[in-house]
Amino acid sequence: MDRIRLVGGNALNGEIPISGAKNAALPLMIASLLSDEPLVLVNVPRLADVKQLERILENHGVDIAVHGRRRGDADMGGQRITFTASDIVDTTAPYELVSTMRASFWVIGPLLAREGHAKVSLPGGCAIGTRPVDFYLEGLRELGAEIEIDNGYVVARAPGGRLRGANVRFPKVSVGATHVVMMAATLAQGTTVIENAAREPEVGDLAECLVAMGARITGIGTERLVIEGVEKLGGAVHEVLPDRIETGTYAMAAAMTGGDVLLRNARPGLLQAALDVIGHAGIAVEPEAGGIRIRRGEGPIRPVDVETEPFPGFPTDLQAQFMALMTRSDGVSVIKETIFENRFMHVAELARFGANIHVDGQLARVTGVPELRGAQVMATDLRASVSLVIAGLAARGETIVNRIYHLDRGFERLEDKLSRCGAVIERIAG
Ligand SMILES: CC(=O)N[C@H]1[C@@H](OP(=O)(O)OP(=O)(O)OC[C@H]2O[C@@H](n3ccc(=O)[nH]c3=O)[C@H](O)[C@@H]2O)O[C@H](CO)[C@@H](O)[C@@H]1O
Ligand SMILES: C=C(OP(=O)(O)O)C(=O)O
């Protein structure tokens, strides 16, 4: 398994290009199942999760064409990929594929809406929690689906071959459940209202793409979505929005090491809560024409208390990265994780750098220390793995991060992007 080796102490200076968002690309790719016409996605990031989802979509009969580079393409720019689901040849998503990439469970919505039936493996839990899918199934039942669980699979059928519009209210904000019910509702008979819908930018990005394909959706960006079902959807060309989690991650890396970094193509409005917190920690956050500039002056990193919340609150996907930053603050920061029940796996690994963190249920109390020391550490999940890289960038001496396949799921060419800004970081194949 590949590892990453870092030697800490260098400030980051220069420019980091922000890639297309993993959490936007995945639902957008799945939306291609809703139409028999080509869906062209622009700025698709080169990530392990994207490659895995391509394999899953091909299993359903989707033709996938990756366009070659074009003269003038931006350095480290995203891919242009055409997805064409002319004919869905298989409405089963098998365990061996779904278990490797949780979001592939989301194919259940488009398959049910377009074909009237679907058999999709339950995704199972993962490091950060049990992550059930009860809201998804309740929402699809409201749309008229008959659903049973058989041998670890969700077997769903739309009576008469078509779902019907309904009022769906989620008991708790769920990004995935909002994606799935919204996609299913686009082809349902009648109108669907989704209350307590997720407002994450990736949900809005998917909705805009669906509208471009001919869907009728209003309330985009709000917690109340209204979808008027149509008979058929067409093709579209849609650009994947920049990754707000990657943006926040590199902002915290620059804050941690010192230096002056322009996050190219970043959009402040996608992560304003996180940028505000970084500003309260004493770091200069300056929107510019080409992105966001992060400048850590001579001052200390100030402690800030944070509670993770659904958008527009502080995102849970930046919690581990922020904790790494707070390990070097000049005080005490209390971090509350309210979204997932087990998202402090990085605490034990950060402690190996000499960090002082005490966990009590949903709360982590981080007392800043004057110095971190390099260590051998192990990645446990996607965002935890990058929090270890952030710590290693500022630690004295050498750090080895093991099991970085977690990183490759959601961070495109991380070591290239960081080494171009002065970090001593390399991938060790093995
Ligand atoms: C591919 C993708 O976009 N992943 C994101 C998506 O995951 P995902 O869509 O899986 O996360 P959800 O928003 O659904 O989860 C939020 C909370 O609701 C719970 N829940 C969810 C569904 C359900 O049926 N029952 C239930 O209890 C979950 O266990 C969790 O505690 O949103 C999360 C929260 O912003 C992010 O951390 C993930 O990066
Ligand atoms: C939890 C994450 O992704 P996923 O839902 O794909 O596990 C993440 O992107 O931080």
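Residues numbered from 1 in each chain as written. Chains lettered and ligands numbered in written order. Predicted model: local features only at pLDDT ≥ 70, side-chain atom pairs only at ≥ 80, totals over all residues. Heavy atoms only, no water.

Asker: Before we move on, can you summarise the packing of aromatic side chains with the specific residues and values?
Answerer: On inspection of all chains with the given rule, the structure shows two aromatic pairs. Taken together, a centroid distance of 5.5 Å and an interplanar angle of 80° make the contact between Phe105 and Tyr136 edge-to-face. Here Tyr136 lies in helix H5 (residues 134-142) and Phe105 lies in the loop between helix H3 (95-98) and helix H4 (108-115), a separation of 31 residues in the sequence. Under the relative-accessibility criterion, Phe105 is labelled buried at 1%. The side chain of Lys119 reaches across the aromatic face of Tyr153, ending 5.0 Å from its centre. (Phe/Tyr/Trp six-rings, centres within 6.5 Å; stacked < 30°, edge-to-face > 60°. Helix = DSSP H or I, 4+ residues; strand = E, 2+ residues; numbered from the N terminus. Buried < 20%, exposed > 50% of the residue type's maximum accessible area, 1.4 Å probe, protein only. Lys NZ or Arg CZ within 6 Å of the ring centre and 35° of its normal.)

Asker: Hey, could you go over helix H7 (residues 201-212) for me, with residue numbers and the actual values?
Answerer: Helix length check: H7, at twelve residues, gives a terminal C-alpha distance of 17 Å against a target of 16 Å (1.5 Å per residue), a fit within 8%. Where burial is concerned, most of H7 is hidden: nine out of the twelve residues are buried. The set of residues buried in H7 consists of Pro201, Glu202, Val203, Gly204, Asp205, Leu206, Ala207, Cys209 and Leu210. Buried residues along H7 sit against helix H1 (22-31), strand S3 (39-44), helix H6 (175-185), strand S12 (216-218), strand S14 (236-239) and helix H8 (244-257). At the exit of H7 stands Gly214, carrying a positive phi of roughly 110°. (Expected span 1.5 Å × (residues − 1). Contact = heavy atoms within 4.5 Å.)

Asker: Describe the sheet that holds strand S17 (residues 291-296), with residues and values.
Answerer: Read from one edge of the open sheet, four strands run S2-S15-S17-S16, paired in mixed fashion. Among the strands making up the open sheet, the edge pair consists of strand S2 (12-17) and strand S16 (284-288). Taking each pair of neighbouring strands and ignoring which way they run, the sheet shows an average axis angle of 15°. Sheet analysis places S2 next to strand S15 (residues 259-264), joined by six bridges and oriented parallel. Note on S15: the bridge partner recorded for Ile16 is Leu263. Against the sheet, H8 contacts S2, S15 and S17, and its axis sits at roughly 20° relative to S17. (Pairing = 2+ DSSP bridges. Axes fitted to C-alpha atoms, helices over the stretch in contact; angles between N-to-C directions.)

Asker: Give me the lowdown on the pattern of salt bridges, citing residues and values where you can.
Answerer: Proximity of charged atoms lets side chains of opposite charge pair with each other. Counted according to the given criterion, the structure contains 25 salt bridges. The shortest N-O distance in the salt bridge between Asp2 and Arg427 comes to 3.1 Å. Here Asp2, found in the segment before strand S1 (3-7), pairs with Arg427, found in strand S24 (residues 424-428); they are 425 residues apart in sequence, far enough to count as distant. On the accessibility criterion, Arg427 (30% relative accessible area) is partly exposed. Between Arg293 and Glu288 there is a salt bridge, with its nearest N and O atoms 2.4 Å apart. Judged by relative accessible area, which is 18%, Arg293 ranks as buried. (Salt bridge = Lys/Arg side-chain N within 4 Å of Asp/Glu carboxyl O.)

Asker: Outline the UniProt feature "binding site: UDP-N-acetyl-alpha-D-glucosamine" (unreviewed entry) in the protein chain, listing residues and values.
Answerer: As annotated in UniProt, the feature "binding site: UDP-N-acetyl-alpha-D-glucosamine" (unreviewed entry) corresponds to Arg102, Lys172, Val173, Ser174, Val175, Asp317 and Ile339 in the numbering used here. Inspection of the secondary structure puts Lys172 in the loop between strand S10 (167-169) and H6. Every residue in contact with Lys172, bar those within four places of it in the chain, is listed here: Phe135, Asn196 and Ile339. Here Ser174 is to be found in the loop between S10 and H6. In contact with Ser174, not counting residues within four places along its chain, are Phe135, Tyr136 and Ala198. At a separation of 3.0 Å, a polar atom in the side chain of Ser174 contacts the main-chain amide nitrogen of Ala177. (UniProt positions renumbered as here; feature names shortened; annotations may be inferred. Polar contact = N/O pair within 3.5 Å; in protein donor to acceptor, adjacent residues only side chain to side chain.)

Asker: Could you give an account of the domain arrangement of the protein chain, naming the residues involved and the relevant values?
Answerer: It is common to report an interface's size as the accessible area lost on association of the parts. Once the domains are mapped, the protein chain shows domain 1 (3-18 + 242-428) and domain 2 (22-239). Computed over C-alpha atoms only, the centres of domain 1 and domain 2 are separated by 30 Å. Buried area between domain 1 and domain 2, both sides added, is near 2,100 Å², and the carbon and sulfur share of it is 52%. Together, Phe311, Arg409 and Glu412 form the three largest contributors to the area buried by domain 1 at its contact with domain 2, with a combined 28%. Summed over the shared surface of domain 1 and domain 2, the result is three salt bridges. A salt bridge links Arg409 to Asp49, with the nearest nitrogen and oxygen atoms 2.9 Å apart. On the surface where domain 1 and domain 2 come into contact, there are nine residue pairs in polar contact (both at pLDDT 80 or more). For the side of domain 1 that touches domain 2, the elements supplying multiple residues, two or more each, are helix H12 (382-394), helix H13 (405-410) and helix H14 (414-419). Ranked by the residues each element gives to the side of domain 1 that touches domain 2, the list is headed by H13, at three residues. Among the residues forming the side of domain 1 that touches domain 2, the class breakdown is ten nonpolar, three polar and 15 charged. (Domains from an automatic or database assignment. Buried area = accessible area lost by both parts, 1.4 Å probe. Nonpolar A, V, L, I, M, F, W, Y, C, P; charged D, E, K, R; others polar.)

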